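Structure at a glance
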Amino acid sequence: MAKAVSYAQYGAPEVLEVIDVAEPHAAEGKVRVAVRSAGLNNFDSKVRRGGYLPNHTVPSLQGAEFAGVVDEVGGDVTQWKVGDEVLGWIGRGAQAEFVVVPESNLARKPANLDWAVAGGLGLVANTAHRATNALALGPDDTVLVTAVAGGVGLIAAQLAIAAGATVVGTASESNHEFLRTLGVIPIAYGEGEAERLRAAAPEGYTAALDQIGGNAIRTALDLGIPANRINTIADQAAAEKFGLSSVGGGKKTSEELAEFARMAAEGELVFPVRSTYHLLDAANAYRDLETGHGLGKVVLLIP
Ligand SMILES: NC(=O)c1ccc[n+]([C@@H]2O[C@H](COP(=O)([O-])OP(=O)(O)OC[C@H]3O[C@@H](n4cnc5c(N)ncnc54)[C@H](OP(=O)(O)O)[C@@H]3O)[C@@H](O)[C@H]2O)c1
(Lines give C-alpha, C1' and ligand atoms only; values in the text may rest on other atoms or scores of the structure.)
Protein backbone atom coordinates (compact mmCIF):
# COMPACT_ATOMS: atom_id res chain seq x y z
CA MET A 1 0.00 0.00 0.00
CA ALA A 2 1.02 3.64 -0.47
CA LYS A 3 -0.04 6.91 1.17
CA ALA A 4 -2.05 9.49 -0.78
CA VAL A 5 -3.87 12.73 0.11
CA SER A 6 -7.58 12.33 -0.54
CA TYR A 7 -11.03 13.66 0.29
CA ALA A 8 -14.37 11.88 0.29
CA GLN A 9 -16.57 14.97 0.63
CA TYR A 10 -16.31 18.58 -0.52
CA GLY A 11 -15.20 21.19 1.96
CA ALA A 12 -12.47 23.05 3.82
CA PRO A 13 -9.05 21.47 4.54
CA GLU A 14 -10.73 19.49 7.37
CA VAL A 15 -12.04 17.03 4.77
CA LEU A 16 -8.53 16.05 3.73
CA GLU A 17 -7.18 12.72 4.88
CA VAL A 18 -4.12 10.67 4.09
CA ILE A 19 -5.30 7.23 3.01
CA ASP A 20 -3.68 3.96 1.97
CA VAL A 21 -4.11 3.16 -1.72
CA ALA A 22 -2.95 0.17 -3.72
CA GLU A 23 0.64 0.77 -4.83
CA PRO A 24 0.47 1.82 -8.51
CA HIS A 25 2.75 0.31 -11.16
CA ALA A 26 4.11 1.58 -14.46
CA ALA A 27 2.26 0.16 -17.46
CA GLU A 28 3.43 0.44 -21.10
CA GLY A 29 4.78 3.93 -21.87
CA LYS A 30 4.39 5.01 -18.24
CA VAL A 31 6.84 5.88 -15.51
CA ARG A 32 6.44 5.51 -11.76
CA VAL A 33 7.97 8.24 -9.65
CA ALA A 34 8.64 8.03 -5.91
CA VAL A 35 7.49 11.51 -4.95
CA ARG A 36 9.78 13.74 -2.89
CA SER A 37 7.78 16.99 -3.11
CA ALA A 38 4.38 18.14 -4.37
CA GLY A 39 3.16 21.72 -4.72
CA LEU A 40 -0.15 23.12 -3.51
CA ASN A 41 -2.28 25.29 -5.80
CA ASN A 42 -5.37 27.39 -5.20
CA PHE A 43 -7.00 25.38 -7.98
CA ASP A 44 -6.82 22.28 -5.71
CA SER A 45 -8.70 24.17 -2.99
CA LYS A 46 -11.35 25.50 -5.36
CA VAL A 47 -12.04 22.01 -6.72
CA ARG A 48 -12.06 20.47 -3.24
CA ARG A 49 -14.57 23.05 -1.98
CA GLY A 50 -17.01 21.82 -4.65
CA GLY A 51 -18.94 23.30 -7.56
CA TYR A 52 -15.82 24.47 -9.43
CA LEU A 53 -15.46 21.68 -11.99
CA PRO A 54 -18.79 20.38 -13.28
CA ASN A 55 -17.61 16.79 -13.87
CA HIS A 56 -15.56 16.38 -10.73
CA THR A 57 -16.57 13.61 -8.33
CA VAL A 58 -15.55 12.42 -4.87
CA PRO A 59 -13.71 10.54 -3.51
CA SER A 60 -10.80 12.32 -5.12
CA LEU A 61 -7.05 12.43 -4.88
CA GLN A 62 -5.34 15.79 -4.71
CA GLY A 63 -2.44 17.72 -6.24
CA ALA A 64 -1.27 18.21 -9.82
CA GLU A 65 2.52 18.73 -9.67
CA PHE A 66 5.42 16.82 -8.15
CA ALA A 67 9.14 16.10 -8.14
CA GLY A 68 10.76 12.80 -7.28
CA VAL A 69 12.88 9.85 -8.36
CA VAL A 70 11.97 7.41 -11.14
CA ASP A 71 11.63 3.98 -9.53
CA GLU A 72 9.84 1.89 -12.18
CA VAL A 73 9.55 2.22 -15.97
CA GLY A 74 7.02 0.48 -18.22
CA GLY A 75 7.77 -1.06 -21.59
CA ASP A 76 8.53 1.31 -24.47
CA VAL A 77 9.77 4.06 -22.17
CA THR A 78 12.76 5.61 -23.91
CA GLN A 79 13.71 8.74 -21.98
CA TRP A 80 13.86 7.65 -18.35
CA LYS A 81 15.57 5.06 -16.19
CA VAL A 82 15.30 4.08 -12.56
CA GLY A 83 17.12 6.62 -10.38
CA ASP A 84 16.53 9.67 -12.60
CA GLU A 85 15.50 12.80 -10.69
CA VAL A 86 12.50 14.42 -12.36
CA LEU A 87 9.67 16.90 -11.99
CA GLY A 88 6.30 16.61 -13.66
CA TRP A 89 2.55 17.00 -13.71
CA ILE A 90 -0.53 14.80 -13.43
CA GLY A 91 -4.26 15.52 -13.65
CA ARG A 92 -4.84 14.67 -9.99
CA GLY A 93 -3.06 12.66 -7.32
CA ALA A 94 0.43 14.21 -7.12
CA GLN A 95 0.26 14.38 -3.34
CA ALA A 96 1.09 10.75 -2.80
CA GLU A 97 4.08 8.47 -2.22
CA PHE A 98 3.96 7.35 -5.86
CA VAL A 99 2.62 8.75 -9.12
CA VAL A 100 2.42 6.97 -12.48
CA VAL A 101 2.48 9.24 -15.55
CA PRO A 102 3.22 9.11 -19.29
CA GLU A 103 6.93 9.65 -19.85
CA SER A 104 6.15 12.91 -21.70
CA ASN A 105 4.82 14.44 -18.43
CA LEU A 106 8.31 14.55 -16.96
CA ALA A 107 11.35 16.83 -17.17
CA ARG A 108 14.81 16.25 -15.75
CA LYS A 109 15.45 17.92 -12.39
CA PRO A 110 18.74 19.84 -12.36
CA ALA A 111 20.90 18.30 -9.61
CA ASN A 112 21.19 21.58 -7.69
CA LEU A 113 17.48 22.45 -7.82
CA ASP A 114 15.93 22.29 -4.37
CA TRP A 115 13.28 19.55 -4.05
CA ALA A 116 10.61 21.92 -2.74
CA VAL A 117 11.14 24.35 -5.61
CA ALA A 118 11.10 21.49 -8.14
CA GLY A 119 7.77 20.19 -6.83
CA GLY A 120 6.08 23.58 -6.72
CA LEU A 121 7.32 25.42 -9.79
CA GLY A 122 5.53 23.89 -12.77
CA LEU A 123 1.92 25.06 -12.65
CA VAL A 124 2.50 28.65 -11.62
CA ALA A 125 5.38 29.01 -14.08
CA ASN A 126 3.24 27.67 -16.92
CA THR A 127 0.47 30.11 -15.98
CA ALA A 128 2.77 33.11 -15.56
CA HIS A 129 4.57 32.36 -18.83
CA ARG A 130 1.35 32.10 -20.83
CA ALA A 131 -0.18 35.19 -19.21
CA THR A 132 2.94 37.27 -19.74
CA ASN A 133 3.27 36.15 -23.37
CA ALA A 134 -0.36 37.10 -24.00
CA LEU A 135 0.52 40.75 -23.39
CA ALA A 136 3.71 40.67 -25.52
CA LEU A 137 5.52 42.86 -23.00
CA GLY A 138 8.63 44.83 -23.91
CA PRO A 139 10.90 47.67 -22.77
CA ASP A 140 8.23 50.33 -23.43
CA ASP A 141 5.84 48.73 -20.93
CA THR A 142 5.10 49.70 -17.36
CA VAL A 143 3.15 46.77 -15.95
CA LEU A 144 0.98 46.49 -12.87
CA VAL A 145 1.28 42.99 -11.38
CA THR A 146 -1.31 42.36 -8.67
CA ALA A 147 -0.60 39.81 -5.92
CA VAL A 148 3.03 39.99 -6.95
CA ALA A 149 4.14 38.04 -3.83
CA GLY A 150 2.10 34.97 -4.84
CA GLY A 151 3.33 31.99 -6.83
CA VAL A 152 2.09 33.28 -10.19
CA GLY A 153 2.80 36.96 -9.52
CA LEU A 154 6.43 36.36 -8.55
CA ILE A 155 7.19 34.56 -11.79
CA ALA A 156 5.09 36.86 -13.98
CA ALA A 157 6.95 39.85 -12.56
CA GLN A 158 10.36 38.29 -13.24
CA LEU A 159 9.38 37.32 -16.81
CA ALA A 160 8.08 40.85 -17.43
CA ILE A 161 11.30 42.36 -16.09
CA ALA A 162 13.33 39.96 -18.26
CA ALA A 163 11.34 41.25 -21.27
CA GLY A 164 12.52 44.76 -20.38
CA ALA A 165 9.34 46.05 -18.74
CA THR A 166 9.10 48.15 -15.59
CA VAL A 167 7.05 46.26 -12.98
CA VAL A 168 5.01 47.79 -10.18
CA GLY A 169 3.38 45.14 -7.97
CA THR A 170 0.87 45.08 -5.12
CA ALA A 171 1.80 43.16 -1.96
CA SER A 172 1.77 43.37 1.82
CA GLU A 173 4.45 45.60 3.24
CA SER A 174 6.22 42.62 4.85
CA ASN A 175 7.08 41.37 1.34
CA HIS A 176 8.37 44.65 -0.08
CA GLU A 177 12.03 44.29 0.78
CA PHE A 178 12.26 40.91 -0.95
CA LEU A 179 10.33 42.15 -3.99
CA ARG A 180 12.78 45.04 -4.43
CA THR A 181 15.62 42.51 -4.73
CA LEU A 182 13.85 41.17 -7.84
CA GLY A 183 13.56 44.65 -9.37
CA VAL A 184 9.84 45.02 -8.58
CA ILE A 185 8.56 48.38 -7.34
CA PRO A 186 6.28 47.18 -4.49
CA ILE A 187 3.11 49.02 -3.49
CA ALA A 188 0.94 48.22 -0.46
CA TYR A 189 -2.60 47.20 -1.39
CA GLY A 190 -5.74 48.39 0.41
CA GLU A 191 -6.97 51.90 1.12
CA GLY A 192 -5.15 54.50 -0.97
CA GLU A 193 -3.79 51.85 -3.36
CA ALA A 194 -4.78 53.71 -6.53
CA GLU A 195 -3.05 56.92 -5.41
CA ARG A 196 0.11 55.04 -4.50
CA LEU A 197 0.07 53.26 -7.86
CA ARG A 198 -0.27 56.58 -9.70
CA ALA A 199 2.60 58.05 -7.73
CA ALA A 200 4.80 55.01 -8.49
CA ALA A 201 4.38 55.43 -12.26
CA PRO A 202 3.57 59.09 -13.04
CA GLU A 203 3.84 58.38 -16.80
CA GLY A 204 1.09 55.77 -16.42
CA TYR A 205 0.74 52.04 -16.99
CA THR A 206 0.55 50.24 -20.32
CA ALA A 207 -0.49 46.76 -19.11
CA ALA A 208 -1.60 44.72 -16.10
CA LEU A 209 -1.19 41.11 -15.04
CA ASP A 210 -3.95 40.45 -12.53
CA GLN A 211 -4.02 37.61 -10.00
CA ILE A 212 -6.76 39.05 -7.72
CA GLY A 213 -9.78 40.20 -9.75
CA GLY A 214 -12.62 42.38 -8.41
CA ASN A 215 -11.48 45.80 -7.23
CA ALA A 216 -7.99 45.24 -8.57
CA ILE A 217 -9.44 45.22 -12.08
CA ARG A 218 -11.46 48.37 -11.42
CA THR A 219 -8.25 50.03 -10.28
CA ALA A 220 -6.38 48.88 -13.39
CA LEU A 221 -9.12 50.30 -15.63
CA ASP A 222 -9.22 53.55 -13.60
CA LEU A 223 -5.47 53.86 -14.15
CA GLY A 224 -6.23 54.05 -17.88
CA ILE A 225 -4.85 50.65 -18.86
CA PRO A 226 -6.56 49.48 -22.09
CA ALA A 227 -8.88 46.52 -21.42
CA ASN A 228 -7.13 44.31 -23.96
CA ARG A 229 -3.82 44.85 -22.14
CA ILE A 230 -5.18 43.67 -18.80
CA ASN A 231 -4.82 39.92 -18.35
CA THR A 232 -6.66 38.37 -15.43
CA ILE A 233 -6.35 34.78 -14.21
CA ALA A 234 -8.68 35.30 -11.26
CA ASP A 235 -11.90 36.89 -12.52
CA GLN A 236 -13.51 35.40 -15.63
CA ALA A 237 -16.71 37.43 -15.06
CA ALA A 238 -14.78 40.70 -15.14
CA ALA A 239 -12.84 39.51 -18.17
CA GLU A 240 -16.11 39.01 -20.05
CA LYS A 241 -17.72 42.19 -18.76
CA PHE A 242 -14.82 44.48 -19.63
CA GLY A 243 -13.30 42.61 -22.59
CA LEU A 244 -10.06 41.75 -20.79
CA SER A 245 -7.54 39.14 -21.79
CA SER A 246 -7.84 36.00 -19.60
CA VAL A 247 -5.00 33.70 -20.52
CA GLY A 248 -4.13 31.34 -17.69
CA GLY A 249 -2.48 27.96 -17.32
CA GLY A 250 -2.78 25.57 -20.26
CA LYS A 251 -0.89 23.17 -22.43
CA LYS A 252 2.29 21.96 -20.76
CA THR A 253 5.32 20.36 -22.31
CA SER A 254 8.32 18.57 -20.91
CA GLU A 255 10.60 21.05 -22.73
CA GLU A 256 8.88 24.04 -21.16
CA LEU A 257 9.05 22.50 -17.69
CA ALA A 258 12.75 21.67 -18.16
CA GLU A 259 13.40 25.29 -19.11
CA PHE A 260 11.64 26.63 -15.99
CA ALA A 261 13.67 24.18 -13.90
CA ARG A 262 16.92 25.29 -15.57
CA MET A 263 16.07 28.96 -14.98
CA ALA A 264 15.34 28.29 -11.30
CA ALA A 265 18.47 26.18 -10.85
CA GLU A 266 20.69 28.84 -12.46
CA GLY A 267 19.12 31.73 -10.54
CA GLU A 268 17.46 33.33 -13.59
CA LEU A 269 14.17 32.77 -11.79
CA VAL A 270 13.95 33.27 -8.04
CA PHE A 271 11.21 31.12 -6.57
CA PRO A 272 10.69 31.38 -2.82
CA VAL A 273 9.01 28.53 -0.97
CA ARG A 274 7.20 30.11 1.96
CA SER A 275 6.56 26.89 3.86
CA THR A 276 6.91 23.14 3.61
CA TYR A 277 4.84 20.45 5.36
CA HIS A 278 5.12 16.69 5.52
CA LEU A 279 2.68 14.84 3.26
CA LEU A 280 0.90 13.58 6.38
CA ASP A 281 0.25 17.21 7.37
CA ALA A 282 -1.52 18.14 4.11
CA ALA A 283 -4.55 19.68 5.84
CA ASN A 284 -2.37 22.22 7.68
CA ALA A 285 -0.51 22.97 4.48
CA TYR A 286 -3.80 23.89 2.79
CA ARG A 287 -4.87 25.94 5.83
CA ASP A 288 -1.67 27.92 5.29
CA LEU A 289 -2.29 28.34 1.54
CA GLU A 290 -5.91 29.32 2.08
CA THR A 291 -4.99 32.26 4.33
CA GLY A 292 -4.47 33.94 0.94
CA HIS A 293 -1.27 35.62 2.18
CA GLY A 294 2.43 34.94 2.11
CA LEU A 295 5.49 35.10 -0.10
CA GLY A 296 5.78 32.25 -2.59
CA LYS A 297 4.78 28.64 -2.59
CA VAL A 298 3.51 26.05 -0.11
CA VAL A 299 4.90 22.56 -0.80
CA LEU A 300 4.46 19.07 0.70
CA LEU A 301 7.57 16.99 1.26
CA ILE A 302 8.15 13.27 1.62
CA PRO A 303 11.65 13.32 3.13
N1 LIG B 1 -6.57 30.75 -14.41
C2 LIG B 1 -5.48 30.05 -14.14
O3 LIG B 1 -4.97 29.33 -15.00
C4 LIG B 1 -4.83 30.19 -12.79
C5 LIG B 1 -3.61 29.53 -12.55
C6 LIG B 1 -2.98 29.72 -11.32
C7 LIG B 1 -3.59 30.52 -10.35
N8 LIG B 1 -4.80 31.10 -10.61
C9 LIG B 1 -5.46 31.94 -9.61
O10 LIG B 1 -4.65 33.10 -9.42
C11 LIG B 1 -4.72 33.53 -8.08
C12 LIG B 1 -3.30 33.65 -7.51
O13 LIG B 1 -2.69 32.37 -7.49
P14 LIG B 1 -1.27 32.15 -6.80
O15 LIG B 1 -0.98 30.71 -6.90
O16 LIG B 1 -0.29 33.12 -7.31
O17 LIG B 1 -1.66 32.53 -5.28
P18 LIG B 1 -0.82 32.46 -3.93
O19 LIG B 1 0.54 31.93 -4.20
O20 LIG B 1 -1.68 31.78 -2.94
O21 LIG B 1 -0.64 33.98 -3.54
C22 LIG B 1 -1.69 34.80 -3.23
C23 LIG B 1 -1.07 36.19 -2.98
O24 LIG B 1 -2.09 37.16 -2.95
C25 LIG B 1 -1.60 38.24 -2.19
N26 LIG B 1 -2.75 39.07 -1.86
C27 LIG B 1 -3.82 38.77 -1.08
N28 LIG B 1 -4.72 39.77 -1.11
C29 LIG B 1 -4.21 40.71 -1.98
C30 LIG B 1 -4.67 41.98 -2.45
N31 LIG B 1 -5.87 42.47 -2.08
N32 LIG B 1 -3.89 42.66 -3.33
C33 LIG B 1 -2.71 42.16 -3.73
N34 LIG B 1 -2.20 40.97 -3.32
C35 LIG B 1 -2.95 40.27 -2.45
C36 LIG B 1 -0.86 37.60 -1.06
O37 LIG B 1 0.24 38.41 -0.76
P38 LIG B 1 0.46 39.17 0.60
O39 LIG B 1 1.17 38.21 1.52
O40 LIG B 1 1.35 40.28 0.15
O41 LIG B 1 -0.89 39.59 1.11
C42 LIG B 1 -0.32 36.29 -1.68
O43 LIG B 1 1.06 36.38 -1.98
C44 LIG B 1 -5.61 32.49 -7.35
O45 LIG B 1 -6.93 32.99 -7.33
C46 LIG B 1 -5.54 31.27 -8.25
O47 LIG B 1 -6.65 30.44 -8.12
C48 LIG B 1 -5.42 30.95 -11.82
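As the structure is a prediction and not an experimental result, all values here were calculated from the model.

Surveying the vicinity of the ligand reveals 23 residues, the closest of which are Lys-46, Ser-172, Tyr-189, His-293 and Gly-294. Between the ligand and Ser-172 there is a distance of 2.7 Å, counted from an oxygen atom to a backbone nitrogen or oxygen. Asn-175 places a side-chain nitrogen or oxygen 2.9 Å from an oxygen atom of the ligand. Burial of the ligand by the surrounding chains reaches 80%, relative to a free accessible area of 940 Å². Of all elements in the fold, only helix H1 (42-48), helix H3 (122-134) and helix H4 (151-162) reach the threshold of two or more residues within the shell around the ligand. Residue composition of the shell around the ligand, by class: 9 nonpolar, 13 polar and 1 charged.

Once that is clear, we can look at the packing of H3 against helix H9 (residues 254-265). Contact geometry for H3 and H9: axes closest at 10 Å, N-to-C directions at 100°. If you check the angle between H3 and H9, you find them roughly perpendicular. Residues Gly-122, Ala-125, Asn-126 and His-129 of H3 lie in contact with H9, whose contacting residues are Glu-256, Leu-257 and Phe-260. Grouping the constituent residues of the contact of H3 with H9 by class yields 3 nonpolar, 3 polar and 1 charged.

Most of strand S15 (residues 297-301) sits inside the fold, with 4 of its 5 residues counted as buried. Sheet topology note: the strand S3 (residues 30-39)/S15 ladder contains 3 bridges and is antiparallel. Bridge pairing in S15 places Ala-38 opposite Leu-300. The sheet contact formed by strand S14 (residues 273-278) and S15 spans 5 bridges and is parallel. Counterpart to His-278 in the pairing with S15 is Leu-301. Taking the sense of rotation as the criterion, the β-α-β connection linking S14, helix H10 (residues 282-289) and S15 turns out right-handed.

Attention now goes to the packing of aromatic side chains. Per the counting criterion, the structure on display carries 1 aromatic pair. Their ring planes at 75° and their centres at 6.0 Å tell us that Phe-43 and Tyr-52 sit as a pair that is edge-to-face. Exposure remark for Phe-43: the relative accessible area of 38% places this residue in the partly exposed category. Under the relative-accessibility criterion, Tyr-52 is labelled partly exposed at 43%. A cation over an aromatic ring shows up here: Arg-48 above the ring of Tyr-286, its NZ or CZ 5.2 Å from the ring centre. Against the face of Trp-115 rests Lys-109, its NZ or CZ located 4.5 Å from the ring centre.

Taken in spatial order, the 3 strands line up as S2-S1-S4 in an open sheet, and their pairing is antiparallel. Edge positions in the open sheet fall to strand S2 (16-21) and strand S4 (60-61), since each of these has one partner strand only. Here strand S1 (residues 2-7) pairs with S4 via 2 bridges, running antiparallel. Across the sheet, Tyr-7 pairs through a bridge with Ser-60, a residue of S4.

Let's shift gears to the nonpolar core. Across soluble globular proteins, nonpolar side chains have a tendency to be buried as a group. By size, the foremost hydrophobic cluster in this structure holds 43 residues, and its most contacted members are Leu-121, Ile-155 and Leu-209. Mapped onto this core, the elements with two or more residues apiece are strand S6 (85-89), helix H2 (115-120), H3, strand S9 (142-145), H4, strand S12 (207-210) and H9. Val-35, Val-70, Val-77 and Ala-285 belong to the second-largest nonpolar core, a separate cluster that totals 30 residues.

Cis peptide bonds are those with omega within 30 degrees of zero, and the linkage from Val-58 to Pro-59 qualifies with 0°. Relative to the helices and strands, Pro-59 is located in the loop between H1 and S4. Positive phi, normally seen in glycine, also occurs at Ala-136, with a value near 45°. Note on placement: Ala-136 falls in the loop between H3 and S9.

The topology assignment puts Gly-63 in the loop between S4 and strand S5 (65-73). Gly-63 sits in the buried class, given a relative accessible area of 5%. Placed 58 residues apart in sequence, Gly-63 and Val-5 show a C-alpha to C-alpha distance of 8.2 Å. Not counting chain neighbours up to four residues away, the residues in contact with Gly-63 comprise Asp-44, Ile-90, Gly-91, Arg-92, Gly-93, Ala-94 and Gln-95.

A few words now on H10. With 6 of its 8 residues buried, H10 lies for the most part within the structure. Turning to H10, its buried residues number three or more, namely Ala-282, Ala-283, Ala-285, Tyr-286, Asp-288 and Leu-289. Against S1, S2, H1, S14 and S15 lie the buried residues of H10.

What counts and how
Residues numbered from 1 in each chain as written. Predicted model: local features only at pLDDT ≥ 70, side-chain atom pairs only at ≥ 80, totals over all residues. Heavy atoms only, no water. Near = heavy atom within 4 Å. Polar contact = N/O pair within 3.5 Å; in protein donor to acceptor, adjacent residues only side chain to side chain. Areas by Shrake-Rupley, 256 points an atom, 1.4 Å probe, with all protein chains shown as cover. Helix = DSSP H or I, 4+ residues; strand = E, 2+ residues; numbered from the N terminus. Nonpolar A, V, L, I, M, F, W, Y, C, P; charged D, E, K, R; others polar. Axes fitted to C-alpha atoms, helices over the stretch in contact; angles between N-to-C directions. Parallel < 35°, antiparallel > 145°, perpendicular 65-115°, else oblique. Contact = heavy atoms within 4.5 Å. Buried < 20%, exposed > 50% of the residue type's maximum accessible area, 1.4 Å probe, protein only. Pairing = 2+ DSSP bridges. Right-handed = clockwise from strand over helix to strand, strands pointing away. Phe/Tyr/Trp six-rings, centres within 6.5 Å; stacked < 30°, edge-to-face > 60°. Lys NZ or Arg CZ within 6 Å of the ring centre and 35° of its normal. Core = buried A, V, L, I, M, F, W, Y, C linked by side-chain atoms within 4.5 Å.

Take it as geometry only, folks, not as evidence of what the structure does.
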